[in-house]
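Residues per chain, in single letters:
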Amino acid sequence: MSKREAFLEAACQENVEDFLRFIQLHKNKTEPFDVEEVVQEMPRDQRQTLWGKLASLLQDILQELPPERWVKGRDEGMEVESAADPKHVMAVVDGVTLVAAVSLKVLEDGDTYSSLLEITHRLHDVLVSLPVSDAPLQLHIHKLCEAWWKKGLKEKEQFGRTAFFISLQKSLILKKPGVEIQRVWSLHDVLWSLDYTSEDNKQIINLLIDCFLHPIYIRSDDGKRFLVFLFSWNVDFIWIIHGTIKNQLEFYSKNMTTHITEIYFRAWNKASGDFLERIENLCIQDFMQNAILLHRTSPVHAKVRQIVSYFHTRKGCSKVDKMLCNLYKPILWKALSAPNFEVRANATLLFTDAFPVHDPEQNYKNIDEVVQKQLDTAMGLLDDPHTTVRSSATLGVCKILAKCWELIPSIIITDFLKKLVMELAADNSSPDVRCSVFKCLTIVLDNTLSHPILEKLLPTLKYSLHDTSEKVRTAFLDMLIKVKAVRAAKFWDVCNMDHLLARLAIDSHPVSKRIVDLLFKSFFPVNDSEHEWCCRCITLIQMNPMAARKFYQHAHKHTAPTNIIKLMLAIRRVLNSSIQTDTDLSQINDSNKENSAQAEPLLGKDLAVVSSLLEVVAILWRSVEKALKQNEEAQKYTFAKFGNVMAKYFQAFEDERCTVPLIQLASFMPPAAVPTFSCGILSRLRRMDSGAVLTQYSQLLDCMCCWGQAADILELVTDWLTEALTKQGDKVNTNRRVRIQETVEAKPDMALAYLEYLFSNSSTREKVLALDQKPLKQLHTVLGNWRLVLYTHLSSPTEDPKSPSMETALKVFMYHVRFCAHLQHNSSEGREYMLSLEHVAAWVAERVLPFLAKRTNDDDDESEKSQPLAAQITESFLTVCRDVLLVGLGDETFKGQILHLCSLTLLSEAGYLCIPAVLPILKEVVDSYGPEDNNNNPAQENEEDATTVILSVVGNIFQKIIELLARRLRKEPEEGKQLCQSAVPGLTDFLQVAVTWDKAPLRGVFSTLFAVIIVEKRHLLQKITHPEEVIAPESVEDMPPLSSILLSVILKLPSLTRAFLTEVCSSFDSEAISSLSELASVLHVLAVIRHTGQSKAGLKSAAICVEQQLYKHAATSVDTRDIQGVIYESSLKTLNDILDV
């Protein structure tokens, strides 16, 4: 039996296993059996018989297990014995699909394919009934439907629609949809057979819209072709497409917007008739309108401008020119004279970008007239009253000049440039306009034809270098850099070198770096010899020494580190030649012939130039310090070269201006390279006068830290502080052996100055804290011992002239506390230094706070001295503790100790003096806990919870502070006002943090504030004796003193105002407010808030609460002459005013 006959016989239900075997042989590449060859060799009647048998087989197999049950049956595990195996059924269906697809390929004209059509129908039903996926069977049926459409056979519309619909769905859900997008494009003609208005096609239309939201469609070539085609499918669909793109425009990137623009342009270019009209009027003109009318701050304005500008770039084609002319005609010229300046500015940008806007079909005479009219319009826009329009017109005119220079008459070009250079560049009303002139002239400079006229005009702009606006100066320098780059003119002819150097010396970094960019080749010609570099350096110094320093600070950005080092060595040779001694100069000059080939510039005794050269070397060395560290050989060479001459330099250049850079240079080198200087530096620090200023010792300290000798500085500081204590007679244990043999008096003030510098600079602080623990602990101990001196000043009525001063002792105390904080921060484990801070807190509580108590009359003199000192000590300590909490060093124990100290301080009779220092402590403690931390804590209801306890203490301390402020205002009004004012910053910061807590334990903070304000105001109302005195306040100044201060703080921030009004409502819910005077007090507070215009919703809610209580007192209004009646009437009027807001 032949293969054809065997395959034909297998195509039935009875021989289905043989059929599947044939299909497997076909799929096996190693087997010679090929279904396509078999079907192709069959005669026409045999093929028809095959299709009929396959149709019956497919019908029978699908009756056994319909497609709807395939997935369900597989999930149920085929519990029913008679049910067919889904895998077997799908294999048969797949085999039939294969034969059908092969049959389509060999189908000949005149073949009767009704049975094949029946097979395809059944397979189509299978495809439609299954969910969309990339499974092999569905893919094969999908391809069959696609092939049927492309073959153009009977009922192709149905199969083509399904193939297109499924490809469209898959292209939008697959991660890599490239193949499906290609298939969608290959089937795009299917859309011509679909009715746009039919409800059956709504699902497809929605998918088509989704294509415009899918980036892969917008970016890929086939996707773009398809999207462009959709513009030509149905006229009514264009508006839907345009609306979809507009809604998504805000979220497109610049690159995506470019692709969208290309789609619009290609769609417009291919369109004709009604489609062309719709695209132009509904899409392109709509974009033009939006580009004119949108605010510049709109997120889509830049995208719309980008789309419209794309069409402008296509100008030169008559079709584009005519379209732009027709679409701009009804909107652009009106917009250029619109009342709104933003509309005019946007229209100006579009107009100048599209210039010239003309109809290419007109004759040349008309075109010339139109262009001349538009040039006149552009000139008029430069005189617009609004600066934004003038800036936009400046940009536009410069673009026109750069693009159309050859086409514009020279007289008009001259008029434009004179307008820009002579008038707008000096526009006093706006730095933006002046800035835009210089930025936009760089566009004109790109056209070489502009250079001759600009060379004559630009020198008139030279004083713009000294413009009051930094951005104008930077724009002017950018223009000069452009002039230099395109060789339009000599930049020093535009702006004098002296002016450039003067500005370089004093201006900001953005300006300075541009001047260096401009001048670099002039003063550092890298292609010339090092001798020339040095000569130029000296010339620059002689012209402007400060500018020279700035220039060489930026030099490393423009050349390699090798050239920087070469310049340093060249300057060294010049400095060597300037040293006038009796010794042989060959000892310090280089011996190689190359260096002696040219005579070095002679400086003589010009110390100004010498000192500046030394400064330049120091600046250059700092700029290449990292590069030198990476090149050990170059570093050693540089050290050796400068190390040989440093001693001579210190000897020859004794002027202070020379000494400063020399010390800097010495700090860059190891101490062994400068032995003479390094050996004496500690002695210089020890001999420093007590009144020495920072500049006299700062560099010496830097130097020693750079050399790794910070321990020696600490030893000197420790010795001085110890010796000062010893002289006073205190017994201080010290077993250290001092290695310096000189006997020098103790200088505690200088010790503190050295410490201040070391810990104020991050570089020196890091080096000090990196030392071993021994010297750090010794200094820590000595600083702590000075508390005895401080206590002596507190307790002694008279000052001992031999003991250290009170100011010095207080400073040492401060440094001790700060030093503890630094050491704890630097400590990786343990809380040794936190414990030290807690001991200091205990000392303050035990020894200092008693002096805050009021003394008897007999001790007035002693109290006058000790009480302010005690307050100063306490405030100083609390300030440092605030910083400790601020950087996150404080643990629960430390917070508890400090809050305890705050409580004890406020309980002292003069504790109110420390209120400004206590409030920041409270703020930092609260800030260290977040409200969410408390919410997430499962033990938050537990009274013993640490967080709850600490924050409860904070609330109590705050209440005590408010009470103290009220008491001082009653007893000493003037002093109380000063105290309140000094507490305002701390109070504001604390409330800002406290407002984030909407529950206990800090909920009571605003209750305290509300209660104090109401009590104070109620007391004032109760003292009123005349009806005329009942006046509702209009501002915080009209309130009583404490209420005025507190309300001014609350009204600073809307969040505080809202929290306060919430507390007002809560007080009424708890029925805490009931009397008429209290209600009137509340209304007076609300009246003040009303005049600020804040929290209108919260204000009305509070007013409604008052209203419900106020009407209970209506009986008191019977006698309007009574004070209570007057208060009621006034309250009612105030209430109505608030409710009318």
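Draft legend 1. Examining the overall build of the chain more closely. Counting its secondary structure elements, the chain contains 58 helices and zero strands. Here the C-alpha atoms of the chain give a radius of gyration of 45 Å, more than 25% beyond the 32 Å that 2.2 N^0.38 yields for 1141 residues. By principal-axis analysis of the C-alpha atoms, the chain measures approximately 135 × 110 × 75 Å. Of all 1141 residues assigned to the chain, the portion counted as buried reaches 52%. In the chain, the share of contacts with a sequence separation of at least 24, taken over all contacts with a separation of at least 6, comes to 71%. Here the chain displays about 53500 Å² of accessible surface, and carbon together with sulfur accounts for 50% of that area. Put simply, the chain has 124 plus and 145 minus side-chain charges, and the middle of one group is 6 Å from the middle of the other.

Draft legend 2. Layout of the pattern of salt bridges. Counted according to the given criterion, the structure contains 40 salt bridges. Among the ionic pairs, Asp883 bridges to Arg882, the shortest N-O distance being 2.9 Å. With a relative accessible area of 25%, Arg882 lands in the partly exposed category. Glu1078 is the salt-bridge partner of Arg1018, the closest N and O atoms lying 3.0 Å from each other. Pair noted here: Arg1018 is in helix α53 (residues 1004-1022) and Glu1078 is in helix α56 (residues 1076-1092), with a separation of 60 residues, a long-range link. Using a relative accessible area of 24% as the deciding quantity, one classes Arg1018 as partly exposed. Each of Glu146, Lys150, Lys170, Glu180 and Arg183 takes part in a single network of salt bridges with overlapping partners.

Draft legend 3. Broad picture of the side chain of Glu615. Relative to the elements of secondary structure, Glu615 occurs in helix α34 (residues 607-623). A residue is classified by how much of its surface remains accessible, and Glu615, at 15% relative accessible area, is buried. Not counting residues up to four positions away in its chain, the partners in contact with Glu615 are Arg549, Arg657 and Pro661.

Draft legend 4. Structural detail: unusual backbone geometry. A cis geometry characterises the amide bond from Phe355 onward to Pro356, with omega recorded as -10°. Of note, Pro356 is situated in the loop between α20 (341-354) and α21 (364-381). Of note, the phi angle at Glu155 is positive, near 55°, even though the residue is not glycine. By relative accessible area, which is 37% here, Glu155 ends up partly exposed. With a phi angle near 55°, Arg487 is a residue other than glycine that sits in the positive phi range. On the secondary structure map, Arg487 appears in the loop between α26 (470-486) and α27 (491-494). Classification of Arg487 as exposed rests on a relative accessible area of 74%.

Draft legend 5. Summary view of the state of the cysteines. This structure, assessed with the given rule, holds zero disulfides. Looking at Cys495, it has no disulfide partner, and the nearest cysteine sulfur is the one in Cys435, 16 Å off.

Draft legend 6. Layout of the packing of α53 against helix α55 (residues 1054-1069). It is at 9 Å that the axes of α53 and α55 come closest, and there the two elements cross at 75°. Here α55 runs roughly perpendicular to α53, going by the angle between their axes. Taking contact as the criterion, the partners of Phe1006, Ser1007, Leu1009, Phe1010 and Ile1013 in α53 are, on α55, Leu1056, Ala1059, Phe1060, Glu1063, Val1064 and Ser1067. By residue class, the composition of the contact of α53 with α55 is eight nonpolar, two polar and one charged.

Draft legend 7. Up close: the environment of Ala347. Tracing the chain through its elements places Ala347 in helix α20. With 15 residues separating them along the chain, Ala347 and Leu332 place their C-alpha atoms 6.3 Å apart. When near neighbours in sequence (up to four residues on either side) are disregarded, Ala347 contacts Ile292, Leu332, Ala335 and Leu336.

Draft legend 8. Quick look at the nonpolar core. Phe226, Tyr552 and Phe877 are the most contacted members of the largest nonpolar core, which totals 401 residues. With eleven residues, the single largest contributor to this core is helix α51 (residues 946-971). The residues contacting Phe877, other than those within four sequence positions of it, are Phe813, Val817, Leu837, Val840, Ala841, Val844, Ile898 and Leu901.

Thresholds applied
Residues numbered from 1 in each chain as written. Predicted model: local features only at pLDDT ≥ 70, side-chain atom pairs only at ≥ 80, totals over all residues. Heavy atoms only, no water. Helix = DSSP H or I, 4+ residues; strand = E, 2+ residues; numbered from the N terminus. Rg over C-alpha atoms; globule rule 2.2 N^0.38 Å. Buried < 20%, exposed > 50% of the residue type's maximum accessible area, 1.4 Å probe, protein only. Contact = heavy atoms within 4.5 Å. Areas by Shrake-Rupley, 256 points an atom, 1.4 Å probe, with all protein chains shown as cover. Lys, Arg positive; Asp, Glu negative; His and termini not counted. Charge placed at Lys NZ, Arg CZ, Asp CG, Glu CD. Salt bridge = Lys/Arg side-chain N within 4 Å of Asp/Glu carboxyl O. Disulfide = S-S within 2.5 Å. Axes fitted to C-alpha atoms, helices over the stretch in contact; angles between N-to-C directions. Parallel < 35°, antiparallel > 145°, perpendicular 65-115°, else oblique. Nonpolar A, V, L, I, M, F, W, Y, C, P; charged D, E, K, R; others polar. Core = buried A, V, L, I, M, F, W, Y, C linked by side-chain atoms within 4.5 Å.

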